[in-house]
Every structure is written in structure tokens, then in C-alpha cells.
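What follows is the residue order along each chain.
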Amino acid sequence: MRRISVVGNSGSGKSTLAAGLAELLGVPWLELDSIFHMAGWTPRPAEEFRADVDRFTAAVGWVVDGNYSAVRDLVWSRADTVVWLDLPRRTMMRRLLGRTLRRMATGAELWNGNKESFRFLLDKDESILWHAWTGHTRLRELFREAAADPANAHLTFVRIASPADVTRLSRSLAEGR
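First, a word on scope: everything that follows refers to the structure included in this document. Nothing here was measured: the structure is a model prediction, and the numbers come from that model. (Residues numbered from 1 in each chain as written. Predicted model: local features only at pLDDT ≥ 70, side-chain atom pairs only at ≥ 80, totals over all residues. Heavy atoms only, no water.)

Here we look at the packing of aromatic side chains
Using the following cut-off: Only rings of Phe, Tyr and Trp enter the pairing, Trp through its six-membered ring, and a pair is recorded when the two centres are within 6.5 Å. The plane angle decides the type: under 30 degrees is stacked, over 60 is edge-to-face, the rest tilted. Note on conventions: DSSP H or I runs of at least 4 residues are helices, E runs of at least 2 residues are strands, and numbering of each starts at the N terminus. When accessible area is computed with a 1.4 Å probe and restricted to protein chains, residues below 20% of their type maximum are described as buried, those above 50% as exposed, and intermediate ones as partly exposed.
Scanning the entire structure with this criterion turns up 7 aromatic pairs. On the numbers, 5.9 Å between centres and 85 degrees between planes, the contact of Trp41 with Trp111 is edge-to-face. One end of the pair, Trp41, is in the loop between strand 3 (37-38) and strand 4 (42-43); the other, Trp111, is in the loop between helix 5 (89-106) and helix 6 (118-122), with 70 residues separating them in the sequence. Judged by relative accessible area, Trp111 falls into the buried class, the value being 11%. Between Trp76 and Phe157 the ring centres are 5.6 Å apart and the planes differ by 85 degrees, which places this aromatic pair in the edge-to-face class.

With respect to the pairing of strand 1 (residues 3-8)
Heads up, the rule is: The criterion for strand pairing is that DSSP finds at least two bridges linking the strands in question.
A large share of strand 1 lies buried, amounting to 5 of its 6 residues. One ladder, built from 5 bridges, connects strand 1 with strand 6 (residues 81-85); its direction is parallel. Note that in strand 6 the partner of Ser5 across the bridge is Val82.

Looking at the pairing of strand 5 (residues 62-65)
Every second residue of strand 5 is oriented toward a common face, with Trp62 and Val64 on one face and Val63 and Asp65 on the other, all of them buried. Alignment of strand 1 against strand 5, held across 4 bridges, turns out to be parallel. Note that in strand 5 the partner of Val6 across the bridge is Asp65. Pairing between strand 2 (residues 29-31) and strand 5: 3 bridges, direction parallel. Counted as the bridge partner of Glu31 is Asp65 from strand 5.

Remarks on a nonpolar patch on the surface
Put simply, the test is: Each patch is built from salt-bridge-free residues with over 30% relative accessible area, joining like charges within 9 Å and nonpolar side chains (Val, Leu, Ile, Met, Phe, Trp, Tyr) within 5 Å. The Shrake-Rupley method, run with a 1.4 Å probe, gives the accessible areas here. Residue values count only the displayed protein chains as cover. For this document, the term salt bridge refers to a Lys or Arg side-chain nitrogen within 4 Å of an Asp or Glu carboxyl oxygen.
Nonpolar side chains collect at one region of the surface, where Leu97, Leu101 and Phe118 lie side by side and expose about 260 Å² of accessible area between them. Examined against the element boundaries, Leu97 turns out to sit in helix 5.

Spelled out as C-alpha cells, the structure:
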């Protein structure tokens, strides 16, 4: 494992796991949200977004986390491994709710001056909780199908279904160094 794509639903732990994997492997990490969401939650233009991801994934080793279909072809064509966080909905939602409320209460900046707000929490079109709840089954099917697709035969898919799976993956990488 030298080029890893970490995917999964919001709140599943993608960024936390990706940062840890990058540290274990001694490679850079890119959180796609950090370069997609410009100030005011404005989406980065697609060609700029793709160019940034293209440059980053040209390196010998890296970890990228995020589910953006706009750059999945770039990331997965260069990746050797996809780590798919497929936690139970109840686990993911509990984590996401706690994280979201903590960020709102503290006013934590996410990327480029953006912050989560209580206004977004109640707006069905903007709520990360609603997005995660309604997208859970769809994402599970998307990644299950991707793992079985012969077009992705060059990738090793590692499905993480529990916190114990994360521990096993991290331990095996640490022992392999």
C-alpha cells in the first residue's frame, strides 16, 4: 500500500483514518473537502479541482480521502488500494451527530473559513445529517459494485466494517514497515 483512496459516508472516519494511514506510511495526505470547498462553501471549479488532484496523485505515495465522483477516475487509476469505511448506520450517525454538534458549538473552522452552522443542520438540502442518513445505502451499493467491477481489478479493496477492522489495518501496516 503506497497510494490509498479512503472512501465512505460522512462521519464514517475517513479523514481520521486517512491521516493515520498517511502518518504510518510516511506519505502525504489530501482531504478532498479541503480543496473542493472554497470560502463561503463555494465549490471549486471542476477543472481546477481535477488539476489539483492530478498534481497530488502524480506522486509515488499518498493517501486521499473523499468520495468525489468528479475526481474518482484520477484517484482510482493511480491508487493501489481503496479503503472503504462501511460502518453500520447507527455507528456512523452517532459519530457524525457528535462531531457536527461539537464543531457548531466551538465554531471550528473546517476549510477556507467555512464553519458548520445550526442553520444548515435543519435545512434538508444542506444538512450533513440528512445527507449521510439518506445516502448510506446508496454509497454502500456504489462501493460494493465498484469492488466487484473488473475495471477496478488493479485495486485492492479493504472493507472496514468496525472499529476493530481499523485497528487490524493500522497494526498490519505498522508491522509491515
